[in-house]
Amino acid sequence: MTARPAVILLSGGLDSAVSLGVARRDGFACHTLSVDYGQRHRVELAAAAKIAHACGVASHRTIALDLRAVGGSALTGDIAVPKDRAHAPGAHHHEASDIPITYVPARNMTMLSLAAGLAEVLGADDLFIGVNAIDYSGYPDCRPAFIRAFEHAANLGTKRGVEGGQFRVHTPLIERTKADIIRLGVELGVDLSLTTSCYDPSPRGPCGHCDSCLIRARGFADAGLPDPALASFHL
C-alpha cells in the first residue's frame, strides 16, 4: 500500500522536527518545506535540511520569500531581539497586547498557504505544522482558532478543495508543554541535536537569552534531560 503524502513545514526548530517525527510515525510519505523569509536566524535552514536528510523524507525544498519587504519584526528587520524577559517562559499567560516584537506578520498564514499549494501539486490533503499554544511566545497564529480558520479557507479557496479534496492541518504539539514535546521527540527517535531554536544566534551558537532559547532551556530542564544541541557550545 502506497503511503499517503503529507507536507510538513520544517523550520529547523525543535517543534517542527518533532512534528515531522509524528508524521513519519503515522506512516505518511513526508515532503518537507522550509521558507527562507529573510530571517536573521537563517542557520535554521541548514538545520532543517539536516533534519530532513536524517529522517529520510520523500523530498525537501526551500522556498525563498523575503518578508523583510514587509518588516515589522525583530526577526526580519533592524530591531533588537528582546533578551532575558522574565515572563518569557510560560508566555501562554500573555495578553494580546503582549505579543513580542519577534512576531512576524502573517508568517504562519503565508507558510501554510505555500504548504497548501505544494500539497495540491503533490496530491496531498495533509499538512503538518509545529505550532504550540502552551509554551510559546504569545503569537496569534499559533492558536487553535487560527489553524481551524485556515483549514476552512484552504478548503474553500483551492482547486483541490473545490473538487472534493479535504485539507487537514495537523497540529500534533499544539496542546503539549515543551517538556512533553521533548519527551515525544526522544520517543520518536528524532535527533534533537540537529535542531536550533535561537532567534539571535552568533557564530558561537545560540544566545541563550531570547524568548525561544529560554523556553527551550526550561523545556529540557522540566523534562530532566540535557539539551544535546548545546554539547559543543558554551553560552
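Our structure's up above, just so we're on the same page.
Values in this document were obtained by computation on a predicted structure and should not be read as measured data.

**Q** Got a minute to help me understand the overall build of the protein chain in this structure?
**A** A tally of regular secondary structure across the protein chain gives 7 helices and 5 strands. Starting at the N terminus, the α and β elements of the protein chain follow one another as β-α-β-α-β-α-β-α-α-β-α-α. A globule of 235 residues ought to have a C-alpha radius of gyration of about 18 Å, and the protein chain, at 17 Å, matches this closely. Classification of the 235 residues of the protein chain by burial places 51% in the buried group. Of the contacts made within the protein chain by residues no fewer than 6 positions apart, 76% connect residues no fewer than 24 positions apart. When the accessible area of the protein chain is evaluated, it comes to approximately 10,700 Å², of which 56% is carbon and sulfur surface.

**Q** Quick question: what am I supposed to make of the sheet that holds strand S1 (residues 5–9) here?
**A** Sheets are built from strands that pair by backbone hydrogen bonding, the pairs being arranged parallel or antiparallel. Strand order in the open sheet formed by 5 strands is S3-S2-S1-S4-S5, and the pairing between neighbours is parallel. Of all strands in the sheet, those with a lone pairing partner are strand S3 (59–64) and strand S5 (168–170), marking the two edges. For this sheet, the mean angle separating the axes of adjacent strands, direction not counted, is 25°. Of the strands in this sheet, S1, strand S2 (29–36), S3, strand S4 (126–128) and S5 touch helix H3 (residues 107–122), which is tilted by about 160° from S1. In the packing of helix H4 (residues 144–156) onto the sheet, the strands contacted are S4 and S5, and the crossing angle to S5 comes to about 150°.

**Q** Can you walk me through the packing of aromatic side chains in this structure?
**A** Here a ring pair, both rings aromatic, is described through the centre-centre distance and the interplanar angle of the planes. In this structure the tally under the stated criterion is 2 aromatic pairs. Ring geometry for Phe-28 versus Phe-128: centroids 5.4 Å apart, planes at 75°, classification edge-to-face. Here the residue Phe-28 occupies a position in the loop between helix H1 (14–25) and S2, and Phe-128 occupies one in strand S4, the gap between them amounting to 100 residues. Ring geometry for Tyr-103 versus Tyr-139: centroids 6.1 Å apart, planes at 45°, classification tilted. In this pair, Tyr-103 sits in the loop between S3 and H3 while Tyr-139 sits in the loop between S4 and H4, placing the two residues 36 residues apart along the sequence. By relative accessible area, which is 23% here, Tyr-103 ends up partly exposed. Classification of Tyr-139 by relative accessible area gives buried; the value is 4%.

**Q** Which parts of the structure should I look at to understand the pairing of S2?
**A** Two faces belong to every sheet, and in a regular strand the side chains alternate between them. For S2, the tally of buried residues reaches 7 of 8 residues, placing the bulk of the element in the interior. Two elements, S1 and S2, share 5 bridges in a ladder whose sense is parallel. Looking across to S2, one finds that Val-7 is bridged to His-31. The parallel pair S1 and S2, bridged by H1, forms a crossover whose chirality is right-handed. Pairing analysis gives 6 bridges linking S2 to S3, with the strands arranged parallel. Bridged to Ser-34 within S3 is Thr-62.

What counts, and where the lines are drawn
- Residues numbered from 1 in each chain as written.
- Predicted model: local features only at pLDDT ≥ 70, side-chain atom pairs only at ≥ 80, totals over all residues.
- Heavy atoms only, no water.
- Helix = DSSP H or I, 4+ residues; strand = E, 2+ residues; numbered from the N terminus.
- Rg over C-alpha atoms; globule rule 2.2 N^0.38 Å.
- Buried < 20%, exposed > 50% of the residue type's maximum accessible area, 1.4 Å probe, protein only.
- Contact = heavy atoms within 4.5 Å.
- Areas by Shrake-Rupley, 256 points an atom, 1.4 Å probe, with all protein chains shown as cover.
- Pairing = 2+ DSSP bridges.
- Axes fitted to C-alpha atoms, helices over the stretch in contact; angles between N-to-C directions.
- Phe/Tyr/Trp six-rings, centres within 6.5 Å; stacked < 30°, edge-to-face > 60°.
- Right-handed = clockwise from strand over helix to strand, strands pointing away.

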